[in-house]
Amino acid sequence: MSAPQTTQRSDPSRSGAGFRLPPTVTEAITSPRRPRGPRTPLSRGALTRFAGYAWLLPALVVLAVFVYLPLVQNIAFSTQEWDIYSGASDFVGLENYEKLFGDPIFWTALGNNALYSALSIVFQVGGALVLAAMIESLRSIRWRKILRAIYFVPSAISLTVAGLLFYFIYEPNLGMLNELLGTIGLGFLAQPWLGQESTAMVSIIAMSQWQGFGYSTLLFAVAIQRIPAELYEAASLDGIGPIRRFLHVTVPLVREMTGLMVIVTISGAFQVFNEVMVMTSGGPNNSTQVLATWLYRSGFVRNDFGYAAAIATVIFVVTLLIALAQLWYTRRRRVEF
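Residues numbered from 1 in each chain as written. Predicted model: local features only at pLDDT ≥ 70, side-chain atom pairs only at ≥ 80, totals over all residues. Heavy atoms only, no water.

**What about the side chain of Ser117?**
Next up, step 1: One can find Ser117 in helix α4 (residues 104-136).
Next up, step 2: Once residues lying within four places of it in the same chain are set aside, the contact partners of Ser117 are Ile266, Ala269 and Phe270. (Helix = DSSP H or I, 4+ residues; strand = E, 2+ residues; numbered from the N terminus. Contact = heavy atoms within 4.5 Å.)

Right under this line is the structure:
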C-alpha cells in the first residue's frame, strides 16, 4: 500500500523558485484581520459640512440683521401710529391698512407701478431679447462688440442724471423733443409732456426704458452666447428662417434668463423712485405718484410713518409673490443643454 499523502500548507512568501514576497506583504497575508476600532463621532464629511456652515455664518448674520430684522420691524411699525420726531407711538392694529385701501392716491400709485411694470416687461424683456438676438446673429465679431457697447452706455448713466437730462428734453418751450417735432412737420404734437396728467407718467416710463434697455440687452446677449452653435446650424440646414429660429431655438433656450429678467424688471418697477422724484415729484395733481414716492411723502413730509410702513409692507408682499410665482414657473420649465 502506498503511504498516505499529506497536504502541506504552502508558504505564501514563496511564489516560485528563488522568489520571495516582501516581508510586509507576507505579514499582511498571514496575520489575522484586526477588528476595527470604534468610529470617531465626527467623520471627515461632517467636519467639511460644519466648515461650510462656518463660512456661511457671517453672511447669514448680515442678512438677518440688515434684511430680515428690518422687515419684521417694518411690519410692527405698520400697526402703529408713529411720530418719528417726537418718538410717540400708539398701537392701532390694522387701521393703517384700512386707511391705505381707502386712499385713492394709493390706488393711483399702484396703477402707475403696474403700468410701469407692464411696459418694462414689453421693452426691457421682450424688446431687449429681440435686439440681443439681432446683434448676436451678426457675423462680424467687431460689430457685435461695438453695438453691445453702444446700447450699454445709457445704463452706465445715473438715474438722477438721466432724469434731469430728459426733464430738459421734455421742456415745453426749449426742449429738444418739441423742437424736433416742429422741425419734421409734426409741431401739432408738441405739448407739455410732464405738465399734464395724460402724458406725464408715460414720459417718465419712456425715459426709464431708454436708461435700462441696454443692460437687459447685454444680459440676453450673454445667454444667447451659451446656446450651442450646432442647434442654429441644424436649423439652417433644415431650411428654417431667422424668425422661426428665434422663436423655436433662441426663445426656449433662454427661458431661465427671461424668467430672471421678468423678476428683476417687476421688482424694479415696484421700487421706482428716483425718476419720478427728479422729473415730477409725483405731480401734476398726484398723477405720477408711485408707491415709493407716496411712501416718502407720507413718512417724511406728512410725518405719518405708520402709514408709510404699511405702504412698504404692500410693496414687499407684491414683489415677493410675483418673484415666487415666476421662480416656480421657471423651475418647472428649466432647460438643460
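Read on for the rest.
**Remarks on the layout of surface pockets**
Next up, step 1: Its boundaries defined by the atoms lining it, the largest pocket holds a volume of some 610 Å³.
Next up, step 2: Lining the largest pocket are 20 residues, and of these Ala133, Glu136, Ser137, Tyr232 and Arg245 sit closest to its centre.
Next up, step 3: Looking at the lining of the largest pocket, the elements with two or more residues in it are α4, α8 (197-225), α9 (229-237) and α10 (242-253).
Next up, step 4: Examining the composition of the lining of the largest pocket, we find that five residues originate from one element, α10, more than from any other. (1 Å grid on protein atoms, 1.4 Å probe; cavity = no way out; pocket = protein on both sides within 12 Å on 5 of 7 lines; lining within 4 Å. Points joined across faces, edges and corners; volume = space filled by probe spheres on them.)

**Things to note about unusual backbone geometry**
Next up, step 1: Following Gly283, the chain continues to Pro284 via a peptide bond in cis, the omega torsion being -5°.
Next up, step 2: Counting through the fold element by element, Pro284 comes out in the loop between α12 (274-279) and α13 (291-301).
Next up, step 3: Located in the positive-phi region is Asn286, a residue other than glycine, with phi close to 60°.
Next up, step 4: Assignment of secondary structure puts Asn286 in the loop between α12 and α13.

**Quick notes on the pattern of salt bridges**
Next up, step 1: All chains considered together, the criterion is met by two salt bridges.
Next up, step 2: For Lys99, the salt bridge is made with Asp304, and the minimal N-O distance between the two is 2.8 Å. Taken as a pair, Lys99 in helix α3 (residues 95-101) and Asp304 in the loop between α13 and α14 (305-332) lie far apart in primary sequence, 205 residues in all.
Next up, step 3: Accessibility expressed as a relative area gives 38% for Lys99, which makes it partly exposed. (Salt bridge = Lys/Arg side-chain N within 4 Å of Asp/Glu carboxyl O. Buried < 20%, exposed > 50% of the residue type's maximum accessible area, 1.4 Å probe, protein only.)

**Comments concerning the side chain of Thr199**
Next up, step 1: Mapped onto the elements, Thr199 comes out in helix α8.
Next up, step 2: Within the structure, Thr199 has its side chain in polar contact with the backbone oxygen of Trp193 (distance 2.8 Å).
Next up, step 3: Polar side-chain contacts of Thr199 include one of 3.3 Å to the side chain of Gln196.
Next up, step 4: With residues up to four places along the chain from it excluded, the contact list for Thr199 reads Gln191, Pro192 and Trp193. (Polar contact = N/O pair within 3.5 Å; in protein donor to acceptor, adjacent residues only side chain to side chain.)

**Notes on empty space enclosed by the protein**
Next up, step 1: Summed over the entire model, instances satisfying the criterion amount to one cavity of 30 Å³ or more.
Next up, step 2: Computed from the structure, the largest cavity encloses a volume of approximately 50 Å³.
Next up, step 3: Looking at the largest cavity, the residues that line it are Ile135, Glu136, Leu147, Arg148, Tyr151, Phe152, Gly214, Thr217, Leu218 and Ala221.
Next up, step 4: Every element with two or more residues in the lining of the largest cavity is listed here: α4, α5 (141-152) and α8.
Next up, step 5: In terms of residue class, the lining of the largest cavity is built from six nonpolar, two polar and two charged. (Nonpolar A, V, L, I, M, F, W, Y, C, P; charged D, E, K, R; others polar.)

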